[in-house]
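A look at the structure
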Protein chains: 4
Amino acid sequence: MVPKMLKFSRMLHSSSRNHLLEVLYARDFSTATNNNYSAKGYTSDRIFAPYSVYKGKAAFSLSPCLPTFTKLDSGALVVDRHGSIMMSFMPAIGERKYDWEKRQIFALSATEVGSLIAIGPQDSCEFFHDPSMKSSNAGQVRKSLSIKPHSNGYFVSLSVVNSVLNTKDNFSVPVTTAEFAVMKTACSFALPHIMGWDRLTNQQSSGTVSFQPKMNSQILDLEWEK
Amino acid sequence: MVPKMLKFSRMLHSSSRNHLLEVLYARDFSTATNNNYSAKGYTSDRIFAPYSVYKGKAAFSLSPCLPTFTKLDSGALVVDRHGSIMMSFMPAIGERKYDWEKRQIFALSATEVGSLIAIGPQDSCEFFHDPSMKSSNAGQVRKSLSIKPHSNGYFVSLSVVNSVLNTKDNFSVPVTTAEFAVMKTACSFALPHIMGWDRLTNQQSSGTVSFQPKMNSQILDLEWEK
Amino acid sequence: MVPKMLKFSRMLHSSSRNHLLEVLYARDFSTATNNNYSAKGYTSDRIFAPYSVYKGKAAFSLSPCLPTFTKLDSGALVVDRHGSIMMSFMPAIGERKYDWEKRQIFALSATEVGSLIAIGPQDSCEFFHDPSMKSSNAGQVRKSLSIKPHSNGYFVSLSVVNSVLNTKDNFSVPVTTAEFAVMKTACSFALPHIMGWDRLTNQQSSGTVSFQPKMNSQILDLEWEK
Amino acid sequence: MVPKMLKFSRMLHSSSRNHLLEVLYARDFSTATNNNYSAKGYTSDRIFAPYSVYKGKAAFSLSPCLPTFTKLDSGALVVDRHGSIMMSFMPAIGERKYDWEKRQIFALSATEVGSLIAIGPQDSCEFFHDPSMKSSNAGQVRKSLSIKPHSNGYFVSLSVVNSVLNTKDNFSVPVTTAEFAVMKTACSFALPHIMGWDRLTNQQSSGTVSFQPKMNSQILDLEWEK
């Protein structure tokens, strides 16, 4: 269902952005949740409400990251960095204990979220990210996220191969139909927000009457003809 | 469709939270709707807009309960208590009269709401809560909520067995396809809110330009290339 | 799919409410859109953005009506009058001219909106309202709204029989698949709002930290275990 | 699935409006994103967050345009110009370079968005706009947007024939299942906003208790009978 083209378009267009997102997210989260750290400024108003799925060998959580905007000289705002749904995987290190220090993260783009939302009961999909894409370090770290059907839901798996550190991390979390329904519903809710469309639709809410010239009074007459 | 695993994961992770939620909700509601009570402080701004299904032998209503947040020393907010959809069941005690004093409540977690949303026309699901889970009173009260298909919709049933009081309460409410569509649509709407994701997506709405360094100006150039 | 039960439950529970809604809506709308009327107070901030379907013999429009709330002595708000989706039908009186004075209105309850949302390509449904239900005038006016499939969508029809005036009004509007998709999407969006659930989910948005005692710090510890 | 009727109803009712929208949008966008232009007033708070699909021969982007309202003497607001989803197509002029100057735009009405949302895996649909409809220039420019299934998604194509300039522009962009899922989800989110229904549902949010007389206290009693 999800064509091969997706793989390549992601590698071409967004891998470097995803990597930076992942680095920023990890830093912010560590800072924000470290009680000994006297936070100044921008991290102080961060909100964390991940949706987490804890299973025997690993856990993962989902959390939306909003896009950022740049103000042009004209005063208009355009999307600078696109938003994403951040997935964080952690290995289990005991009964209901997970090792946050060994987490690996993967930032789902809007189109990858579209894949997740559109997936049918027997479909699978896989996404590939190279954090160093288009740099001299390309290919050093390769991440692959897959969603594959099983009898009562899906396996959500992340593989991270680091050829410099010579490490390979694998996480596989069985997700029930109910948990996947939460993921689909929450991601459908979040998608317009990570695209920035909530900003577009709110932009005229405070004003009342628009600036455009009245042009179709005859159409209005038609509609409210008495 | 909904695997057995769900039952156990709920019992392990959230029963004690659900119980406390149920106690708090019942207290708040009684307080807020008691005209003789001179409310001070926190209950004064509560809003009640349950979706209610009244049938011959019993009635139930659904109402979302939002999550609560804890502020860390860093200034960041993390979810403290997860939200839920609170279900309240009441027995009929006459024609269109229901006994609020004999109500029993059941707090659907996000994942249980996912079950309800994902249920197909011929599927059924069942959830088990033990309000005293992980305490010395474990097993004294057992609650079970089931949703089972019938010809024109579903039976939504709650069973509460209290082995201390030696009581057993059963409620069964036939729900039409139309009423269940309202439940699904309303629960899909409420789900991101009980997860706290509405807070995440609103957090940057008041600001305009993000704090992150501008990093992908060449990508912006590409996208608006002339 | 939509059981007979629906018909009776609507007649028992909401007809009188629907009638009052319909009267209020008609009065408000006439007032608000009458340029010669110097509106004072409550009608001055009304917004009208109906979704209209104009066809050869008749037209109809849909517009959401929000619920109203009553403040109890405790300070809590409870839903007073439930919201609805108001449907207004008008007969055609010439090419693209419709007679607003001869309009008839029908207020869809939340559960009737659920029926509309859940309807399949080959399903039909019908709702009956008696504006004078439970009064001495019961049966004098009978309204029936039906949605029936045709080759490329649905026929949406309203019949109003007034046995006092000895009149019978019939409107039938063919609706394309695309127009019905707009109706479904818009009604799904509006449903939580006419139920008042948007108020519930917004109520804690302005505050940050909840009033409940911290109770599950050990659960928080578990989730962010390092 | 999408009937022929749609084609004609669009041509009758909204082509002139769409044309004006398209002109305004193009002007606003050029102004807002031109760094050399010292914008005054209305364009300064524009937000641009298009969803873009870049492929080998062409690209397109989607962006919601909100409706505008007119204030009547009574103080009520009615929709003046309907909103739309604006589609902008650009031809490729090199590897990952697109010619913005040669863009063509097409404004999807609410009902056309309904078509897009309701389209099944094997369905296709086509919309026709004549920007000069109902003027002496009718027929000079004809635009046609089609969505047609292929093996892994859809082809989204725009054809613009200008008989005055004697030009014919064709754009065809293959869209994956995942990308189309983003389009459907984003358009479903945007639809109530381009219809103006978000304004309707927000209008009473700031107030608390409604102005209508209390009428159904006996119904409230019933619902909270003790």
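Being a predicted model, the structure only gives us computed values, none of them experimental. (Residues numbered from 1 in each chain as written. Chains lettered and ligands numbered in written order. Predicted model: local features only at pLDDT ≥ 70, side-chain atom pairs only at ≥ 80, totals over all residues. Heavy atoms only, no water.)

As for the overall build of chain A
Each helix and strand counted, chain A has six helices and twelve strands in total. When each of the 226 residues of chain A is scored for burial, the buried share is 60%. Nonlocal contacts in chain A, meaning residues at least 24 apart in sequence, comprise 50% of its contacts between residues at least 6 apart. Per element, the accessible surface of chain A, about 9,100 Å² overall, is 52% carbon and sulfur. (Helix = DSSP H or I, 4+ residues; strand = E, 2+ residues; numbered from the N terminus. Buried < 20%, exposed > 50% of the residue type's maximum accessible area, 1.4 Å probe, protein only. Contact = heavy atoms within 4.5 Å. Areas by Shrake-Rupley, 256 points an atom, 1.4 Å probe, with all protein chains shown as cover.)

Details of the sheet that holds strand 5 (residues 77-79) of chain B
Ordered in space as 1(A)-5(B)-4(B), the three strands form an open sheet in which the pairing is mixed. Edge positions in the sheet fall to strand 1 (47-48) of chain A together with strand 4 (69-71) of chain B, since each of these pairs with one other strand and no more. Relative to strand 5 of chain B, strand 1 of chain A is paired through two bridges, and the arrangement is parallel. Residue pairing across strands places Phe48 of chain A opposite Val78 of chain B, the latter belonging to strand 5 of chain B. (Pairing = 2+ DSSP bridges.)

Points about the sheet that holds strand 10 (residues 141-150) of chain A
All names here are of chain A. Pairing is antiparallel across the open sheet formed by four strands, whose spatial order is 9-10-11-12. A strand with exactly one partner marks an edge of an open sheet, and here the two such strands are strand 9 (125-129) and strand 12 (167-176). The mean inter-strand angle of the sheet, taken between neighbouring strand axes irrespective of direction, is 10°. As defined by bridge partners, strand 9 adjoins strand 10 across five bridges and the pair is classed as antiparallel. In the sheet register, Cys125 faces strand 10, and the bridge partner there is Ile147. On top of the sheet, helix 4 (residues 177-195) reaches strand 10, strand 11 (153-162) and strand 12; it is set at about 105° to strand 12, its chief contact. (Axes fitted to C-alpha atoms, helices over the stretch in contact; angles between N-to-C directions.)

A short note on the packing of helix 3 (residues 110-118) of chain D against helix 4 (residues 177-195) of chain D
Residues and elements named next belong to chain D. Between helix 3 and helix 4, the shortest axis-to-axis distance is 9 Å and the interhelical angle comes to 150°. In terms of axis orientation, helix 3 runs roughly antiparallel to helix 4. Between helix 3 and helix 4 lies a crossing whose hand is left-handed. Residue-level inspection shows Ala110, Val113, Leu116 and Ile117 of helix 3 in contact with helix 4, the latter providing Phe180, Met183, Lys184, Cys187, Ser188, Leu191, Ile194 and Met195. For the contact of helix 3 with helix 4, the class distribution of residues is ten nonpolar, one polar and one charged. (Parallel < 35°, antiparallel > 145°, perpendicular 65-115°, else oblique. Left-handed = near helix turned anticlockwise from the far one by under 90°. Nonpolar A, V, L, I, M, F, W, Y, C, P; charged D, E, K, R; others polar.)

A word on the packing of aromatic side chains
Using the criterion set out here, one finds 16 aromatic pairs over all chains in the structure. Arranged with centres 5.4 Å apart and planes meeting at 35°, the rings of Phe60 of chain A and Phe89 of chain A form a pair that is tilted. Taken together, the residues span a long stretch of sequence, with Phe60 of chain A in strand 3 (residues 58-65) and Phe89 of chain A in strand 6 (residues 84-94) at a distance of 29 residues. For the pair formed by Phe60 of chain A and Phe89 of chain A, the shared burial category is buried. Measuring from centroid to centroid gives 5.8 Å for Phe89 of chain C and Phe171 of chain C, while their planes differ by 40°, and the two rings are tilted. Of this pair, Phe89 of chain C sits in strand 6 (residues 84-94) while Phe171 of chain C sits in strand 12 (residues 167-176), and the two are 82 residues apart along the sequence. Judged by relative accessible area, which is 0%, Phe89 of chain C ranks as buried. (Phe/Tyr/Trp six-rings, centres within 6.5 Å; stacked < 30°, edge-to-face > 60°.)

Description of the environment of Leu145 of chain B
Residues and elements named next belong to chain B. Tracing the backbone shows Leu145 in strand 10 (residues 141-150). On a C-alpha basis, the gap between Leu145 and Val160 in space is 8.8 Å, while along the polypeptide they are 15 residues apart. Contact partners of Leu145, with chain neighbours within four places excluded, come to Met87, Phe89, Phe106, Leu108, Cys125, Glu126, Phe127, Val156, Ser157 and Leu158.

Let's talk about the pairing of strand 8 (residues 104-108) of chain B
All names here are of chain B. Counting buried residues in strand 8 gives five out of five residues, a clear majority hidden from the surface. Judged by which residues are buried, strand 8 turns out to be covered on both faces: Gln104, Phe106 and Leu108 on one side and Ile105 and Ala107 on the other are all buried. Across five bridges, strand 6 (residues 84-94) lies against strand 8 in antiparallel orientation. Among the inter-strand pairings, Met87 is bridged to a residue of strand 8, identified as Phe106.

Quick notes on the environment of Ser159 of chain C
Residues and elements named next belong to chain C. Summarising the element assignment, Ser159 is placed in strand 11 (residues 153-162). Residue Ser159 is classed as buried on the basis of its relative accessible area of 18%. Each residue touching Ser159, except ones within four places of it in the same chain, is listed here: Arg142, Lys143, Ser144, Lys168, Asp169 and Asn170.

Let's talk about unusual backbone geometry
Phi is positive for Asn166 of chain A, which is not a glycine, with a value near 55°. Tracing the chain through its elements places Asn166 of chain A in the loop between strand 11 and strand 12. Even without a glycine there, the phi angle at Arg96 of chain B is positive, about 60°. By secondary structure assignment, the location of Arg96 of chain B is in the loop between strand 6 and strand 7 (97-98). On the basis of relative accessible area, Arg96 of chain B is assigned to the partly exposed category, the value being 28%.

Describing the environment of Leu62 of chain B
With respect to the helices and strands, Leu62 of chain B occurs in strand 3 (residues 58-65). Judged by its relative accessible area of 1%, Leu62 of chain B falls in the buried class. Residues Leu62 of chain B and Phe106 of chain B, 44 residues apart in the sequence, show an inter-C-alpha distance of 9.8 Å. Once residues within four sequence positions are removed from consideration, Leu62 of chain B is found in contact with Pro50, Tyr51, Ile85, Met86, Met87, Met183 and Cys187 of chain B together with Trp197 of chain C.

Looking at the pairing of strand 12 (residues 167-176) of chain B
Residue and element names in this part refer to chain B. When strand 11 (residues 153-162) meets strand 12, the two strands line up antiparallel, connected through ten bridges. Bridge pairing links Ser157 to Ser172 in strand 12. The hairpin formed by strand 11 and strand 12 contains four residues between the paired strands, and Asn166 there has a positive phi angle of roughly 60°.

Digging into the pattern of salt bridges
Residue and element names in this part refer to chain B. Scanning the entire structure with this criterion turns up four salt bridges over all chains. Taking the shortest distance from any N to any O, the salt bridge between Glu179 and Lys55 comes out at 2.9 Å. In this pair, Glu179 sits in helix 4 (residues 177-194) while Lys55 sits in the loop between strand 2 (51-54) and strand 3, placing the two residues 124 residues apart along the sequence. Each member of the pair Glu179 and Lys55 is classed as buried. (Salt bridge = Lys/Arg side-chain N within 4 Å of Asp/Glu carboxyl O.)

Structural notes on the side chain of His129 of chain D
Position of His129 of chain D relative to the elements: it lies in strand 9 (residues 125-129). With relative accessibility at 3%, the residue His129 of chain D sits in the buried group.

Brief notes about the confidence of the model for chain A
Mean pLDDT over chain A: 75, with 69% of residues reaching 70 or higher. Low pLDDT (under 50) marks residues 1-24 of chain A, which in the prediction has 54 contacts with non-local residues, meaning those over four places away or in another chain. (pLDDT = per-residue confidence, 0-100.)

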